[in-house]
Amino acid sequence: MRQLLPFQVDQLDPATTYAGSSRRGRNGRPWVMANMVASVDGRAAVDGRTAALSGSADRAVFHLLRSLADIVLVGAGTVRAEGYGPVRAAPYPPVAVVTRSLDLDWSGPLFTEATQRTEVITCSTTDPARRQAAAEVAEVIVAGEGQVDLSRALAGFQARGRRVVLCEGGPHLLGELVAADLVDELCFTLSPLLAGGPEPGLLVASPILPPHRLALASVVEDDGALLLRYLRPSPST
Ligand SMILES: NC(=O)c1ccc[n+]([C@@H]2O[C@H](COP(=O)([O-])OP(=O)(O)OC[C@H]3O[C@@H](n4cnc5c(N)ncnc54)[C@H](OP(=O)(O)O)[C@@H]3O)[C@@H](O)[C@H]2O)c1
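Figured I'd write up the structure that's included with this text. Since this is a predicted model, take the numbers as computed values, not measurements.

### Overview of the pairing of strand β7 (residues 164–167)
At step 1: What you see with β7 is no split at all: Val164 and Leu166 on one side and Val165 and Cys167 on the other are buried throughout.
At step 2: Strand direction decides the pairing type here: strand β2 (residues 31–39) and β7, joined by 4 bridges, are parallel. Residue pairing for β7: methionine 33 is matched across the bridge by leucine 166.
At step 3: Bridge count between strand β3 (residues 71–75) and β7: 3 bridges; the pairing is parallel. Of the residues in β7, the one forming a bridge with valine 72 is leucine 166.

### Re the site of the ligand
At step 1: Residues in contact with the ligand amount to 27 residues; listed here are only the nearest, Val37, Thr78, Glu82, Ser101 and Glu176.
At step 2: One of the backbone N or O atoms of alanine 44 is found 2.7 Å from a nitrogen atom in the ligand.
At step 3: When isolated, the ligand has an accessible area of 920 Å², and the protein chains bury 85% of it.
At step 4: Tallying contributions element by element places helix α3 (residues 76–82) first for the shell around the ligand, with 6 residues.
At step 5: When the residues that make up the shell around the ligand are grouped by side-chain class, the tally is 10 nonpolar, 11 polar and 6 charged.

### As for the sheet that holds strand β6 (residues 139–142)
At step 1: Read from one edge to the other, the open sheet built from 10 strands follows the order β1-β9-β10-β8-β2-β7-β3-β4-β5-β6, with strand pairing classed as mixed. Each edge of the open sheet carries a strand with a single partner, namely β1 (2–5) and β6. Ignoring strand direction, the axes of neighbouring strands in this sheet form an average angle of 25°.
At step 2: Taken strand by strand, helix α6 (residues 150–159) contacts β2, β3, β4 (95–98), β5 (119–122) and β7, and its axis lies near 145° from that of β5.

Conventions used here
- Residues numbered from 1 in each chain as written.
- Predicted model: local features only at pLDDT ≥ 70, side-chain atom pairs only at ≥ 80, totals over all residues.
- Heavy atoms only, no water.
- Buried < 20%, exposed > 50% of the residue type's maximum accessible area, 1.4 Å probe, protein only.
- Helix = DSSP H or I, 4+ residues; strand = E, 2+ residues; numbered from the N terminus.
- Pairing = 2+ DSSP bridges.
- Near = heavy atom within 4 Å.
- Polar contact = N/O pair within 3.5 Å; in protein donor to acceptor, adjacent residues only side chain to side chain.
- Areas by Shrake-Rupley, 256 points an atom, 1.4 Å probe, with all protein chains shown as cover.
- Nonpolar A, V, L, I, M, F, W, Y, C, P; charged D, E, K, R; others polar.
- Axes fitted to C-alpha atoms, helices over the stretch in contact; angles between N-to-C directions.
- Contact = heavy atoms within 4.5 Å.

Shown next as structure tokens:
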């Protein structure tokens, strides 16, 4: 792994690039970082999963970012598609799943093998029986009525001492966070692959997203993959 920007480092220890930043939230919410991978043509999954997009450097940064987070936030679509389990490495941040349907496998490892109880972030108009089933294996948090109010969910994290939130997608959840201007840092791996497919690829899926400018903070290269780190631009840029 070598860093190209902001200055060149051969034989990079990625902790230097990623762990060195100070991450402080604002407006009563935690710092929100997102970590995503895509092909050069913008595809966020191949055959419905991310495995084909990811390489060893991306996987190393994936685990490193988890070690820097107080909680991992993920959409239910990703949990279902990727068969998500709990974080299995220290410091074992819990996973929080955003869902309206509460259509999740409560007998899966995400709920039965988590070192820190998995959180289910849902809304008040969901089926009470399903909420009850979820509460048997997870911490159920209601934030919003017809759908999860992500600002409210983040304020709840802050109130429970979660200062750094790592969103691992998918594109719909990330699209909502970006559209609500709630993302402070985007770690994005550009995989050296054209994945094709019947529809245009979408890393960020949002019907209401105005163009968002990002500030490039670092570029790391490994085996043809580019690991890019973007920050919310400061007001002067
Ligand atoms: N390239 C990458 O880095 C990356 C990362 C993650 C995932 N992926 C891929 O992306 C695909 C899945 O992504 P996706 O965009 O379809 O799904 P997603 O964003 O993971 O999840 C969408 C689901 O999250 C819940 N949700 C999101 N916002 C909500 C809100 N405000 N209120 C209530 N519930 C809300 C809903 O769950 P319910 O349906 O349960 O109500 C919704 O259907 C998979 O193929 C996965 O492999 C790629």
